[in-house]
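# A structural walkthrough
This is what each chain is made of:
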Amino acid sequence: MAGGTDLLVKARANAWELDAVVDIKNIPELMTLSVNGDGLSIGAGVPCYQVYDNAEIADQYPGIVDGASIIGGIQIQSRAGLGGNLCNASPSADGIPALIAHSAVAKIASVNGTRDVAVEDFCTGPSRTVLEAGELLVSIDVPRPAANSGAAYTRFIPRNEMDIAVAGVGVYVELDGSGQNFVSARIALASVGPTPILATEAGDSLTGKPVNDESIAAAAVLAKDAASPITDMRGTIDQRKQLIEVLTSRMIKQAAERARG
Amino acid sequence: MTTNSPSKVRVTTTINGQQHELLVPPYMSLLDTLRELIGLTGTKEGCLDGNCGACTVTVDGRIVDSCLVLGAEINGKNVETIEGMATPEGLHPLQQAFLEEAALQCGICTPGFLVAAKGLLDNEPSPSEGRIRHWLAGNLCRCTGYDKIVRAVQKASS
């Protein structure tokens, strides 16, 4: 158990049968948050507020901060963290798309050693992950962003706060020195499939293109094509696909704006 | 939840400035620990899943939903509840402002709002209205429509 904000609710509802609960928050290695020239390392138990209260992280990893800032309310953010958000593996997790966009890697440990899994490969279905029995998430490691890069995440919800994403989009872009052309981009989607989705073709379509409405609109359509949502109480398939196109366009623009500083 | 666990966890903790030695069942929430083991019933149970904020307390200065914390987790921590807000000299300025602005009706959400608002003002004495509304988004009130609560917090801020 890290923050416990998903685990205790599910355990209480008997959705999970638990043999035991181990509180990981007294293990220093899992509570370490470090940001330096190599990148950002977020210990599996680090709560959201420590991520968004860190000025250096807010400056260099704004997309991750966008996500961490809207998971639940302040009370939840005191406990819940990105490690738990990832292991809970909800398709609508607000913390995951920006991690994927930032090329983050999940560091996993067991008695057999450690292994690294790209965050986009970590979730295998709703509440299902690559973690095997005996394995533990240690940290989420994010490479240092390139110069002239920027990132952003947003979601659509019918309320102002405290709601589950109908659709969400995280974007990372790297621009050239002039700030007028994309060098590369990664676009990740929430709530439009059984897992968070890396929209590879949408991101790749921006490589070498000028930053303009045409290139952005084309990438947004490709992101929409990568979405495979269901209709449920929060939204319909058509609404969610439309949202992905709109939000992708907005987030590319915002990430580019941040890249230009 | 599960039965394959020790019967009690020994916890030494500070609640509203007073030290307590407790034997807590391992899956008892902090909310139930406060209400049932210690008798501090000012903290209310609402949704029991982290949406309503009625059970808000602070642990080491951070507001949390006590329904989503285990009592066993507060060993060595400093917990503050609604019972710790007023002093023998009188009400906390937030409590006084809630009375003057009529920022409550049924009252079930009020302890959570007061503890959450104190958590804001202790660190940010003069928050904007937008900041107050954002900070209190994790607290639900089905009576007031929130405006009176926000006005009360504004009144208590410097």
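Residues numbered from 1 in each chain as written. Chains lettered and ligands numbered in written order. Predicted model: local features only at pLDDT ≥ 70, side-chain atom pairs only at ≥ 80, totals over all residues.

Moving on, we get to the overall build of chain A. What chain A contains, in helices and strands, is 10 helices and 11 strands. For 261 residues, the compact-globule formula gives about 18 Å, and the C-alpha radius of gyration of chain A, at 18 Å, lands near that figure. For chain A, the spread of C-alpha atoms along the three principal axes comes to 55 × 45 × 35 Å. Here chain A holds 261 residues, and the buried ones make up 51% of them. (Helix = DSSP H or I, 4+ residues; strand = E, 2+ residues; numbered from the N terminus. Rg over C-alpha atoms; globule rule 2.2 N^0.38 Å. Buried ≥ 20, exposed ≤ 12 C-beta atoms within 10 Å, placed from the backbone.)

Time to look at the interface of chain B and chain A. Facing the 19 residues of chain B at the interface are 19 residues of chain A. Mapped onto the side of chain B that touches chain A, the elements with two or more residues apiece are β4 (62-65) and α4 (129-135) of chain B. Per element, the largest residue contribution to the side of chain B that touches chain A is 4 residues, and it comes from β4 of chain B. Looking at the side of chain B that touches chain A residue by residue, the class counts come to 6 nonpolar, 9 polar and 4 charged. (Contact = placed C-beta atoms within 7 Å. Nonpolar A, V, L, I, M, F, W, Y, C, P; charged D, E, K, R; others polar.)

What follows deals with the domain arrangement of chain B. Residues and elements named next belong to chain B. Domain annotation for chain B reports domain 1 (9-84) and domain 2 (93-156). Summarising the inter-unit geometry, the C-alpha centres of domain 1 and domain 2 are found 21 Å apart. For the side of domain 1 that touches domain 2, the element with the highest residue contribution is strand β3 (residues 56-59), accounting for 3 residues. Of the residues belonging to the side of domain 1 that touches domain 2, the class tally is 6 nonpolar, 8 polar and 1 charged. (Domains from an automatic or database assignment.)

Turning our attention to the sheet that holds strand β2 (residues 18-24) of chain B. Residue and element names in this part refer to chain B. In space, the 5 strands of this open sheet follow the order β2-β1-β5-β3-β4, with mixed pairing throughout. Among the strands making up the open sheet, the edge pair consists of β2 and β4. Each strand of the sheet is rotated relative to its neighbour by a mean of 40 degrees, with strand direction disregarded. Note that strand β1 (residues 9-15) and β2 share 7 bridges and pair antiparallel. What sits directly across from T12, in β2, is E21. Against the sheet, helix α1 (residues 30-38) contacts β1, β2 and β3, and its axis sits at roughly 100 degrees relative to β2. Set on the sheet, helix α3 (residues 110-121) makes contact with β3 and β4; between it and β3 the angle comes to about 35 degrees. (Pairing = 2+ DSSP bridges. Axes fitted to C-alpha atoms, helices over the stretch in contact; angles between N-to-C directions.)

Residue and element names in this part refer to chain A. Take L136: it is sitting in strand β7 (residues 136-143). Its 18 C-beta neighbours within 10 Å are what place L136 among the partly exposed residues. As a C-alpha pair, L136 and I108 span 28 residues in sequence and 5.6 Å in three-dimensional space. Ignoring anything within four residues of it in the chain, the contact list for L136 reads I108, A109 and S110.

Turning next to unusual backbone geometry. All names here are of chain A. Phi at S103 takes a positive value of approximately 60 degrees, unusual for a residue other than glycine. The topology assignment puts S103 in the loop between α7 (96-101) and β3 (105-110). Even without being a glycine, S191 presents a positive backbone phi close to 70 degrees. Considering the arrangement of structural elements, one finds S191 in the loop between β10 (182-190) and β11 (197-198).

Residues and elements named next belong to chain A. When cut into domains, chain A gives domain 1 (7-143) and domain 2 (149-260). Just the C-alpha atoms count here: the centres of domain 1 and domain 2 sit 22 Å apart. Among the elements of the structure, α4 (62-68), α7 and β5 (123-125) are those that each provide at least two residues to the side of domain 1 that touches domain 2. Considering each element in turn, the side of domain 1 that touches domain 2 owes the most residues, 5 residues, to α7. The class makeup of the residues in the side of domain 1 that touches domain 2 is 12 nonpolar, 9 polar and 3 charged.

On to helix α5 (residues 147-156) of chain B. Residue and element names in this part refer to chain B. Among the residues making up α5, those that are buried are I149, A152, V153 and A156. Buried residues of α5, viewed axially, fall in a sector of 95 degrees; they line one side. If you follow the buried residues of α5, they end up packed against α2 (93-100), α3 and α4. (Arc of directions from axis to C-beta.)

Turning next to the packing of helix α9 (residues 213-226) of chain A against helix α10 (residues 237-260) of chain A. All names here are of chain A. The contact between α9 and α10 brings their axes to 8 Å, and the two run at 140 degrees. Here α9 lies oblique to α10, going by the angle between them. Once α9 is placed against α10, the crossing between them reads as right-handed. For the pair α9 and α10, the contacting residues are I216, A217, A219, A220, V221, A223 and K224 in the first and K241, I244, E245, T248, S249, I252 and K253 in the second. Class assignment for the residues of the contact of α9 with α10 results in 8 nonpolar, 2 polar and 4 charged. (Parallel < 35°, antiparallel > 145°, perpendicular 65-115°, else oblique. Left-handed = near helix turned anticlockwise from the far one by under 90°.)

To continue, consider the sheet that holds β7 of chain A. Residue and element names in this part refer to chain A. Ordered by their spatial adjacency, 5 strands build an open sheet running β1-β2-β7-β3-β4, and the pairing between neighbours is antiparallel. Because the sheet does not close on itself, it has two edges, and the strands there are β1 (33-36) and β4 (113-118). Taking each pair of neighbouring strands and ignoring which way they run, the sheet shows an average axis angle of 20 degrees. Alignment of β3 against β7, held across 5 bridges, turns out to be antiparallel. Residue V105 lies in a different strand from β7, and its bridge partner there is D141.

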